[in-house]
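This is what each chain is made of:
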Amino acid sequence: MDKTSLGGFAGTWALVALAIVLGGVGFGAYIDIPSVVIVFGGAITVTMGQYEGQDLKQFGKACGVAFKPVPVESTPELIEKIIFYATEIKKNGVMAVEQKIMEEKNPFFKESFALLVDNTKPDVIEALMETKLEHMENRHKTMIAMFGSIGGTAGAMGMIGTLVGLVAMLANLSDPSAVGPAMAVALLTTLYGALVGTGFAGIMETKLGNKNSLELTAHQITIQGAVMIASGESIGNIKMKLNAILPVVAG
Amino acid sequence: MDKTSLGGFAGTWALVALAIVLGGVGFGAYIDIPSVVIVFGGAITVTMGQYEGQDLKQFGKACGVAFKPVPVESTPELIEKIIFYATEIKKNGVMAVEQKIMEEKNPFFKESFALLVDNTKPDVIEALMETKLEHMENRHKTMIAMFGSIGGTAGAMGMIGTLVGLVAMLANLSDPSAVGPAMAVALLTTLYGALVGTGFAGIMETKLGNKNSLELTAHQITIQGAVMIASGESIGNIKMKLNAILPVVAG
Amino acid sequence: MDKTSLGGFAGTWALVALAIVLGGVGFGAYIDIPSVVIVFGGAITVTMGQYEGQDLKQFGKACGVAFKPVPVESTPELIEKIIFYATEIKKNGVMAVEQKIMEEKNPFFKESFALLVDNTKPDVIEALMETKLEHMENRHKTMIAMFGSIGGTAGAMGMIGTLVGLVAMLANLSDPSAVGPAMAVALLTTLYGALVGTGFAGIMETKLGNKNSLELTAHQITIQGAVMIASGESIGNIKMKLNAILPVVAG
Amino acid sequence: MDKTSLGGFAGTWALVALAIVLGGVGFGAYIDIPSVVIVFGGAITVTMGQYEGQDLKQFGKACGVAFKPVPVESTPELIEKIIFYATEIKKNGVMAVEQKIMEEKNPFFKESFALLVDNTKPDVIEALMETKLEHMENRHKTMIAMFGSIGGTAGAMGMIGTLVGLVAMLANLSDPSAVGPAMAVALLTTLYGALVGTGFAGIMETKLGNKNSLELTAHQITIQGAVMIASGESIGNIKMKLNAILPVVAG
Amino acid sequence: MDKTSLGGFAGTWALVALAIVLGGVGFGAYIDIPSVVIVFGGAITVTMGQYEGQDLKQFGKACGVAFKPVPVESTPELIEKIIFYATEIKKNGVMAVEQKIMEEKNPFFKESFALLVDNTKPDVIEALMETKLEHMENRHKTMIAMFGSIGGTAGAMGMIGTLVGLVAMLANLSDPSAVGPAMAVALLTTLYGALVGTGFAGIMETKLGNKNSLELTAHQITIQGAVMIASGESIGNIKMKLNAILPVVAG
């Protein structure tokens, strides 16, 4: 579980709840079923209209990904691990690490290094794993864009709901005492739209984008490591090149 | 028929209708012919002014494309099909599959593999089909941009309509009881503009963009497959390279 | 005359006029000379401040271009014409078509093929005509950006005008009956700004962008054709390569 | 002095002054020292916080550049001049033009052609002058971005000032007759922000961007010319290549 | 300490304080604890939800970086220093400067030139230091984007807070005298959001972006210098190439 992420998400909604409590008119004034239907329903139907069935099916999984740690090692750990494998393979051959590679948790790492065990040529490892990375990134970008699109749609549906409410109110001004509450209800859809945009879609979009960047960097280092090992580069060279990825001291 | 897409589209408008019904003042308050004319008419005339006749003629076809499944196989099916043809051609020669290729439904696949049957050289297949893909994408992008432009124009015409209505109302404030209804009517153009932007143009633009991406990926895999077969690569190599496109397990 | 374009432009303004008539307070309420001065004048003076004299002088010409058909053939016609010249030159030599080339209406085509008549080497034709195309596109992009900038400026001047009007109204609230008309006048600059942005600059910017894309595609095909002819490629090859530009059947 | 530019700038502010005069409440209603302080002061302090000292020192110079003609020849003049030097050098050698080159006004041209006089190799001329051009463009882009940033900041400070004013007014509604004037003053910061954004920063940003493009094109042509002369290309070739930069007749 | 930067930052907040004082209703009217909680708290929780723990930990350090001078020399100083080392190494060998390089303050410069001392080949120096630069820039860009995201989130939370306040006020219109103050409080969150966006996040984002550009340019020059020295280029060549980076006189 990615606790910072989940904490940030839950904390955002807790703060909004707190703001409502402090507002002093109670939660009841902020709940209006028709408004819920138009904003949440509209965000769902418009997204259904915009995306292919195969992408929509990934929605739940993508939400899960946002709150789970990415299945990659931190850069220093990853570099250390690659150097460990490079040293082992140099000393005892690829068969000596086969078992250990098959037990790796990071699937991209496992697949890249399994190619090493199969004595795949370095340029083939690079081509295959780069292809995999490129298609993986395209799938991720479609999902990231979907959350961005949901945020925009929720805002637009919120505005549409407010306009529908305002027209209803203005068309029927005979009872002045009803203007305030009617206006309050009309504004609820705008509020809901902003909440979905900021507290859900905005968090998801940026979070998945950041996780994608993390994965991309880790996978590129993994490919570079596997290619260098397959090319038979010296341990010294491999160490020097991988360590160049780390920040300079005080930089 | 792309049911998710059509369902999302129809559902969006049903929700707006529901919101109006729940608003309690009836549909009549939301219909104003001059407002319809300025927003829908204006979106049409501005688009006519912006686009070339040959692009405008594609409008109806593009709307249809958004609600039809893309004429391409899913990535795993496509890869399986290419491997099938590669194996058949390796075993029995290109003439053995000619009839089957001529019956393919996906026109880009059919054209790419027809070049194989004609013994076209791999680099010529690549050059010809990449050219076709590039020009196809340019045509798609013009249409996608047109829907984006329609959405923006509808919003702008909505604002213009509201300003025209507000000026009329303000210039004639003598009857206070008319202010509410006049204001309601003035807001209708903004509402119409937002509805066209979100519930029509926004769905179309994103949908066509997603379908274009799907097609692009499929066509690039098709070209890669045809080129590998024409180059006489081994079935093992072709399988390995195409399977690299699929996600890693648990990735 | 590009009738769709002109019709769209004229239709947009006719619809706005219609909306005003249907608003019921007459055209007089929508005309205010100081508002005209600040929005139209401001859009002109800001643009004068932003652009170089040599670009400003192209303004009228660019407006004309938007309403005239682009001086290029449709893609199928252009391909047919190139194949015609390729065949003629193959059969009878370049001198046989010199007269016909000199009579071509499309100046870019004429200049490209005139180089053929002069026996210019294919790589020189490509370099010269690509240079010409690149500088032509830069000039077009400056003009397209100018219309975008005019639209943004008109909107900003409209907002400035409304703020000037609101301050005047608020500073002088003693006569309540004057508030409505004063507010109406203040809103006119926003309306003018939106009209210039949508009904003039927005149409021009998109139209010129589309015409530029059309020309660019046609000129690139022209260069490709001239280069293939100059390289002495076979008619079969030229046909195959040019036809790859056209859409696949049902694609 | 770039008269169009200065005229546009001065004209914009004259039009705003005219709009105020026509508003009928006098200049006094539009001047509020605290509003001036927050918008202009805020734009200055935020920019100080955003930019490095060395960039801030260029501010005055950049303002000057916007109103001076760029120190480059028009494209046809520049081409003519390059052809003149190419011909002279071909006939009489580089020493014959040394004096004339040293008297050139355009410093980039002078430096490029001085390298010719020193018999610098063509690829060295290209590398050195391209480096200089690249770093020059980076410096220009920083300044252009600074004006864009000033415009955005002025708008934001205007909104902040208006909110500060609205809160003051609303917190103290006891005297209804003060509402109008207080609101008018609150709106002044928004007006000032929009004026700075449109009438100053927006003009400067676009103007400097256009001047940068002009210079870039001229300098690239200059480098191309110097390289061709240094490579000993024939006058015919140089003429043909440079003339390709000019528009086609009727294109 | 980067005094301009800190001065700009402090000055911005001083101006806002001044505007409040001049508003005449006292600081009390501008402080509302629930509003502080929703805007500042919300900006924190949303950012926690959006970014990885390892990036959030860099927040304090990034704030510090914005107010400290970048640890790189100005371009002329850097060029002079590289030429100094080039000359020393040419005359007395790399060992003669080893001590001095180890005492360099700029860590990127120190690391690049330490490779020279180790007799690293020029292409290896380039590859290693370019890798380091690329990963450094990626880390910087994540932090720069985080500040941009904080600004946007603060604005959105400000709007959400205002909507929550407006709904509370409208739902409870029975006491007209409470409307003004309630509205004032509701606007405070929008004001806070704008202040965080402009006076904190906006300054930080642009400042860090400018510092990153400065560093990038300096580090690229450092790499170029180290590579030229390692390649054994003549002092004359090194000087000529580095000086090409400086502006032309009067350019």
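Keep in mind the model is a prediction, meaning the values are calculated, not measured.

## Points about the overall build of chain A
- A count of helical and extended segments in chain A gives ten helices and zero strands.
- The order of α-helices and β-strands along chain A, N terminus first, is α-α-α-α-α-α-α-α-α-α.
- For chain A, the spread of C-alpha atoms along the three principal axes comes to 90 × 40 × 30 Å.
- By sequence separation, contacts in chain A at least 24 residues apart represent 79% of the contacts at least 6 residues apart.
- For chain A, the computed accessible surface area is about 10,400 Å², with 62% contributed by carbon and sulfur atoms.
- Within chain A, the 22 negative side-chain charges are centred at a point lying 6 Å from the centre of the 18 positive side-chain charges.

## Description of the pattern of salt bridges
Residue and element names in this part refer to chain A.
- By the definition in use, this model includes 45 salt bridges over all chains.
- Of the charged contacts in the structure, one is a salt bridge between Glu137 and Lys141, with a shortest N-O distance of 3.3 Å. Linking Glu137 with Lys141, this pair stays in helix α8 (residues 122-170), spanning four residues, or about one helical turn.
- Here Lys141 falls in the partly exposed class, since its relative accessible area comes to 47%.

## Remarks on the relation of the copies chain D and chain C
- With an RMSD of 0.0 Å, chain D superimposes on chain C once it is rotated by 72° and translated 0.0 Å along the axis. Read as a symmetry element, the transformation amounts to a five-fold axis. Proximity to the rotation axis, assessed at the C-alpha, singles out Pro176 of chain D in chain D; its C-alpha lies 11 Å from the axis.

## Considerations on the interface of chain C and chain B
- With 49 residues of chain C in contact, the opposing surface of chain B contributes 38 residues.
- Around 3,600 Å² of area is buried between chain C and chain B when both sides are counted, 74% of it from carbon and sulfur atoms.
- The interface formed by chain C and chain B includes two salt bridges.
- Between Glu52 of chain B and Lys207 of chain C there is a salt bridge, and its shortest N-O distance comes to 3.3 Å.

## A short note on the interface of chain D and chain C
- Opposite the 49 residues of chain D that make contact, chain C presents 40 residues.
- Summed over both sides, the interface of chain D with chain C buries roughly 3,600 Å², with 74% coming from carbon and sulfur.
- Taken together, the links from chain D to chain C amount to two salt bridges.
- Here chain D and chain C share eleven residue pairs in polar contact (both at pLDDT 80 or more) between them.
- Sorting the residues of the side of chain D that touches chain C by element identifies α1 (3-23), α9 (179-230) and α10 (235-243) of chain D as the ones contributing at least two each.
- Sorting elements by how many residues they give to the side of chain D that touches chain C places α9 of chain D first, with 20 residues.
- Class assignment for the residues of the side of chain D that touches chain C results in 29 nonpolar, 16 polar and four charged.

## What to know about the packing of helix α2 (residues 33-50) of chain A against helix α9 (residues 179-230) of chain A
Residue and element names in this part refer to chain A.
- Where α2 contacts α9, the axes come no closer than 9 Å and their chain directions differ by 35°. The chirality of how α2 crosses α9 is right-handed. Residues Ser35, Val36, Ile38, Val39 and Phe40 of α2 form the contact with α9, whose own contacting residues are Val185, Leu188, Thr189, Tyr192, Gly193 and Val196.
- Along the lines of polarity and charge, the residues of the contact of α2 with α9 split into eight nonpolar, three polar and no charged.

## Observations regarding helix α4 (residues 59-66) of chain A
Residues and elements named next belong to chain A.
- For α4, the full list of buried residues reads Ala62, Cys63 and Ala66. Buried residues of α4, viewed axially, fall in a sector of 105°; they line one side.
- The inward-facing, buried residues of α4 contact α1 (3-23), α8 and α9.

## A look at the side chain of Asn212 of chain C
Residues and elements named next belong to chain C.
- Along the chain, the position of Asn212 falls in helix α9 (residues 179-230).
- We classify Asn212 as buried; its relative accessible area is 6%.
- Once residues within four sequence positions are removed from consideration, Asn212 is found in contact with Glu137, His140 and Ile144.

## Looking at a negative patch on the surface
Residues and elements named next belong to chain A.
- A surface patch of negative charge is lined by Asp123, Glu126, Glu130 and Glu134.
- Note that Glu134 resides in helix α8.
- Exposure remark for Glu134: the relative accessible area of 47% places this residue in the partly exposed category.

## Here we look at the arrangement of the chains
- One finds no contact between chain A and chain D; the C-alpha atoms of the two approach each other to within 17 Å at their closest.
- Nowhere do chain C and chain E come into contact; their C-alpha atoms are at least 17 Å apart.

## Notes on unusual backbone geometry
- A positive phi angle is found at Asn119 of chain A, which is not glycine, with a value near 60°.
- Take Asn119 of chain A: it is sitting in the loop between α7 (107-117) and α8.

## Side note on helix α5 (residues 75-92) of chain A
Residues and elements named next belong to chain A.
- Here α5 is 18 residues long and its end C-alpha atoms lie 26 Å apart, about the 26 Å a rise of 1.5 Å per residue gives.
- Restricting attention to buried positions, one finds in α5 the residues Leu78, Ile79, Lys81, Ile82, Ile83, Tyr85, Ala86, Glu88 and Ile89.
- The secondary structure elements touched by the buried residues of α5 are α6 (95-102), α7, α9 and α10 (235-243).

## Let's talk about the packing of aromatic side chains
Residue and element names in this part refer to chain A.
- What the rule picks out here adds up to 45 aromatic pairs over all chains.
- Members of the aromatic cluster, each reached through a chain of ring pairs, are Phe84, Tyr85, Phe109 and Phe113.
- Taking NZ or CZ as reference, Lys81 lies 4.8 Å from the ring centre of Phe109, over its face.

## Considering the packing of helix α5 (residues 75-92) of chain C against helix α7 (residues 107-117) of chain C
Residue and element names in this part refer to chain C.
- Running from N to C, α5 and α7 point in directions that differ by 15°, and their axes come no closer than 13 Å. The angle between α5 and α7 falls in the class roughly parallel. As for how α5 packs across α7, the hand of that crossing is right-handed. Across from Leu78, Lys81, Ile82, Tyr85 and Ile89 in α5, the residues of α7 making contact are Phe109, Phe113 and Leu116.
- Broken down by class, the residue content of the contact of α5 with α7 amounts to seven nonpolar, no polar and one charged.

## As for the side chain of Glu215 of chain A
Residues and elements named next belong to chain A.
- For Glu215, the location among the structural elements is in helix α9.
- Within the buried core, Glu215 has no salt-bridge partner, and the shortest N-O distance to an opposite charge, that of Lys211, equals 8.2 Å.
- When sequence neighbours within four positions are dropped, the list of residues in contact with Glu215 reads Val70, Val72, Met136 and His140.

## A closer look at the confidence of the model for chain A
- Looking at chain A as a whole, its pLDDT mean stands at 92, while 98% of the residues score no less than 70.
- Predicted as a complex, the structure gets a pTM of 0.93 and an ipTM equal to 0.92.

## Focus: a nonpolar patch on the surface
- A cluster of nonpolar side chains, contributed by Val21, Phe27, Ile31 and Ile33 of chain A, occupies part of the molecular surface with about 400 Å² of accessible area.
- Here Val21 of chain A lies in helix α1.

## Observations regarding the environment of Ala96 of chain B
- Within the secondary structure, Ala96 of chain B is located in helix α6 (residues 95-102).
- In the structure, Ala96 of chain B is positioned 145 residues away from Lys241 of chain B in sequence and 24 Å away in space, judged by C-alpha atoms.

## Overview of the environment of Pro107 of chain A
Residue and element names in this part refer to chain A.
- Mapped onto the secondary structure, Pro107 falls in helix α7.
- Classification of Pro107 by relative accessible area gives buried; the value is 15%.
- In this structure, the C-alpha to C-alpha distance between Pro107 and Pro71, residues 36 residues apart in sequence, is 7.9 Å.

Calculation rules
- Residues numbered from 1 in each chain as written.
- Chains lettered and ligands numbered in written order.
- Predicted model: local features only at pLDDT ≥ 70, side-chain atom pairs only at ≥ 80, totals over all residues.
- Heavy atoms only, no water.
- Helix = DSSP H or I, 4+ residues; strand = E, 2+ residues; numbered from the N terminus.
- Contact = heavy atoms within 4.5 Å.
- Areas by Shrake-Rupley, 256 points an atom, 1.4 Å probe, with all protein chains shown as cover.
- Lys, Arg positive; Asp, Glu negative; His and termini not counted.
- Charge placed at Lys NZ, Arg CZ, Asp CG, Glu CD.
- Salt bridge = Lys/Arg side-chain N within 4 Å of Asp/Glu carboxyl O.
- Buried < 20%, exposed > 50% of the residue type's maximum accessible area, 1.4 Å probe, protein only.
- Least-squares fit on C-alpha atoms with pLDDT ≥ 70 in both.
- Buried area = accessible area lost by both parts, 1.4 Å probe.
- Polar contact = N/O pair within 3.5 Å; in protein donor to acceptor, adjacent residues only side chain to side chain.
- Nonpolar A, V, L, I, M, F, W, Y, C, P; charged D, E, K, R; others polar.
- Axes fitted to C-alpha atoms, helices over the stretch in contact; angles between N-to-C directions.
- Left-handed = near helix turned anticlockwise from the far one by under 90°.
- Arc of directions from axis to C-beta.
- Patch = residues over 30% accessible without salt bridge, like charges linked within 9 Å, V, L, I, M, F, W, Y side chains within 5 Å.
- Expected span 1.5 Å × (residues − 1).
- Phe/Tyr/Trp six-rings, centres within 6.5 Å; stacked < 30°, edge-to-face > 60°.
- Lys NZ or Arg CZ within 6 Å of the ring centre and 35° of its normal.
- Parallel < 35°, antiparallel > 145°, perpendicular 65-115°, else oblique.
- pLDDT = per-residue confidence, 0-100.

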